[in-house]
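# Structural characterization, general
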Amino acid sequence: MKAPFLDLKAPYTELRAELDDAVQRVLSSGWYLLGPELEAFEQEFAAYCRNTHCVAMGSGGDALELVLRALGVSPGDEVIVPSHTFIASWLSISAIGARPVPVEPDERTYTIDPALIEAAITPSTRAIVPVHLYGHPADLVPIAEIADRHDLAVVEDAAQAHGARYRDRVVGEGSLAAVFSFYPGKNLGALGDGGAVVTDNADLVARLRLLRNYGSRIKYQHEIQAGNSRLDELQAAMLRVKLARLDDWNARRRSVAERYLKELSDLDDLVLPEVAPWADPAWHLFVVRSATRERLRERLAQAGVGTLIHYPVPVHLSPAFASDRRLAGSQPLAERIADEVLSLPMGPHMSDDAVDSVVAAVRAAV
Ligand SMILES: *Cc1c(COP(=O)(O)O)cnc(C)c1O
């Protein structure tokens, strides 16, 4: 393979000594949950996101579900979410018994189109969940204006956008709450599952700490009914090692993206990602579009270039949501995008040779 889609072992190879030390430190400490590594990681990640607090959890999906619960979203409520996203954004809403109400994306940035949000608001709407898809921030200023006008909460789904910049802020800074995933393939990935909420709101933090730990603050005192969703000490320790590299790794992603943007810009049949003037994306994925996507994908595979599709089935058409008849045919743009998108290899450990191979293979294929 000349260019695998993603090399998940490379981050470990680069940081082997530090990660092995972190594992040893935790294993020999005798303390594996809700301990000093978690506390330190929460402080460090909150500071990185320029928020006062971070509450880490078992996954990004849990983090989104629990923050919506903590905000009082209840069965029958509606939450606005982009039609073009990873299904987890919707599942965290439906897990509460609330209804995800989709809004189509802006075709240039693939993030929710603020101009279409107001038409989707009803008396049952409680929150808006913009998703910084592929690492490109959603346009948060107009979204915040709409939310203020209608008294709605904004929770950013930043699962793909650790360290992305929106105007003069880092993603997650300045809104009520933002959620992150530490799934291994994300820009900041654990060696297993993990997720977190960042916020400046102390009340929200108190509720989230209850919701992630059986409703308990003090051992065997249970104030509310809740399950458990905790980031363990091993994952927290490894995330601390990797957080120190995040900006460097995002910069390396950016330089891969800049090469693709420059060296593929003259290809008529290929739509390259656009970067809004106010955005500095985290380049979680580099997604191109082609009307003949399947043919392109096959040719790239023959040339030893790994690609993936994010995502092949629009959320409203997946069997998980297809029973909601209101959704059928309602999101034509999401459907067209799902037919055309292709993600090229991207990551902080891609060699220049691998980027050369991708560029050459794409040029030969279109
Ligand atoms: C990965 C992801 C999630 C879910 O995160 P998990 O940690 O896998 O639960 C949610 N939303 C988006 C946009 C994602 O990419």
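Residue numbers run consecutively from 1 along every chain, following the written order of its sequence. Per-residue local features of the predicted model are confined to residues with pLDDT of at least 70, and side-chain atom pairs are confined, for both listing and counting, to 80 or more; whole-chain, interface and lining totals are unaffected and use all residues. With hydrogens and water excluded, all non-hydrogen atoms of the structure serve as input to the side-chain values.

Looking at an unreviewed UniProt entry, the chain carries the name DegT/DnrJ/EryC1/StrS family aminotransferase, with the source organism given as Streptosporangium oxazolinicum.

### A look at the overall build of the chain
Quick note on the threshold: Under the DSSP-based scheme used, a helix requires at least four consecutive residues in state H or I and a strand at least two consecutive residues in state E, with every element numbered from the N terminus. Taken over C-alpha atoms, the radius of gyration is set against a globule rule of 2.2 Å times the number of residues to the power 0.38. Here the term buried applies to any residue with accessible area under 20% of the maximum for its type, exposed to any over 50%, and partly exposed to those in between, with areas from a 1.4 Å probe on protein chains only.
Within the chain, the regular secondary structure consists of twelve helices and 14 strands. The C-alpha atoms of the chain give a radius of gyration of 20 Å, which matches the 21 Å a tight globule of 366 residues would have. Principal axes of the C-alpha set define a box for the chain whose edges measure 65 × 55 × 40 Å. Residues counted as buried form 56% of the 366 residues belonging to the chain.

### Quick notes on the nonpolar core
Definition in use: Only buried residues count toward a nonpolar core, which is a set of Ala, Val, Leu, Ile, Met, Phe, Trp, Tyr and Cys residues joined through side-chain atoms within 4.5 Å. Segmentation of the chain into domains, including their bounds, is taken from an automatic or database domain assignment. We call two residues contacting when some pair of their heavy atoms lies within 4.5 Å.
Counting residues in hydrophobic clusters, the biggest one holds 37 residues, and the most contacted among them are Tyr260, Leu264, Phe286, Leu300 and Leu344. Going through the elements one at a time, helix H9 (246–263), strand E13 (286–289), helix H10 (293–302), helix H11 (332–340), strand E14 (341–344) and helix H12 (352–365) are the ones with two or more residues in this core. Among the elements that take part in this core, H12 stands out by supplying seven residues, more than any other. Both domains that furnish three or more residues to this core are identified here as domain 1 (10–243) and domain 2 (246–365). When neighbours within four sequence positions are excluded, Phe286 is seen to be in contact with Ala257, Tyr260, Leu261, Leu272, Pro273, Leu342, Ser343, Leu344 and Met346. Leu66, Val67, Leu68 and Val129 belong to the second largest nonpolar core, which has 29 residues in total.

### What to know about the sheet that holds strand E12 (residues 279–280)
Pairing between the strands of a sheet is mediated by backbone hydrogen bonds and can be parallel or antiparallel. Going by this rule: Two strands qualify as a pair provided DSSP detects at least 2 bridges between them.
Pairing within the open sheet is antiparallel, and its three strands lie in the order E7-E6-E12. One side of each edge strand has no neighbouring strand; the edge strands of this open sheet are strand E7 (169–170) and E12. Here two bridges tie strand E6 (residues 165–166) to E12, and the two strands are oriented antiparallel to one another. Across the sheet, residue Tyr166 finds its bridge partner in E12, namely Ala279.

### Focus on unusual backbone geometry
Residue His310 is joined to Tyr311 through a cis peptide bond whose omega torsion reads 10 degrees. Along the polypeptide, Tyr311 turns up in the loop between H10 and H11. Phi is positive for Arg50, close to 55 degrees, though the residue is something other than glycine. Locating Arg50 in the fold gives a position in the loop between helix H3 (36–48) and strand E1 (53–57). Although it is not a glycine, Arg167 sits at a positive phi angle of roughly 50 degrees. Residue position: Arg167 is located in the loop between E6 and E7.

### Topic: the domain arrangement of the chain
Heads up, the condition is: By convention, the term buried area covers the 1.4 Å-probe accessible surface removed from two parts as they join, with the contributions of both added. For salt bridges, the criterion is a side-chain nitrogen of Lys or Arg within 4 Å of an Asp or Glu carboxyl oxygen. By the criterion applied in these results, polar contacts are pairs of N or O atoms within 3.5 Å in which, for protein atoms, one can donate a hydrogen and the other can accept it, and in which residues neighboring in sequence qualify only through two side-chain atoms.
In terms of domain boundaries, the chain breaks down into domain 1 (10–243) and domain 2 (246–365). Here the C-alpha centre of domain 2 lies 24 Å away from the C-alpha centre of domain 1. Summed over both partners, the interface of domain 1 with domain 2 comes to about 3600 Å²; 60% of that surface belongs to carbon and sulfur atoms. The largest contributions to the domain 1 side of the interface with domain 2 come from Tyr110, Tyr134 and Asn187, which together make up 19% of the buried area. Our enumeration of links across domain 1 and domain 2 arrives at four salt bridges. Ionic pairing is found between Arg289 and Glu107, a salt bridge with its closest N-O pair at 2.5 Å. Connecting domain 1 to domain 2 are 24 residue pairs in polar contact (both at pLDDT 80 or more).

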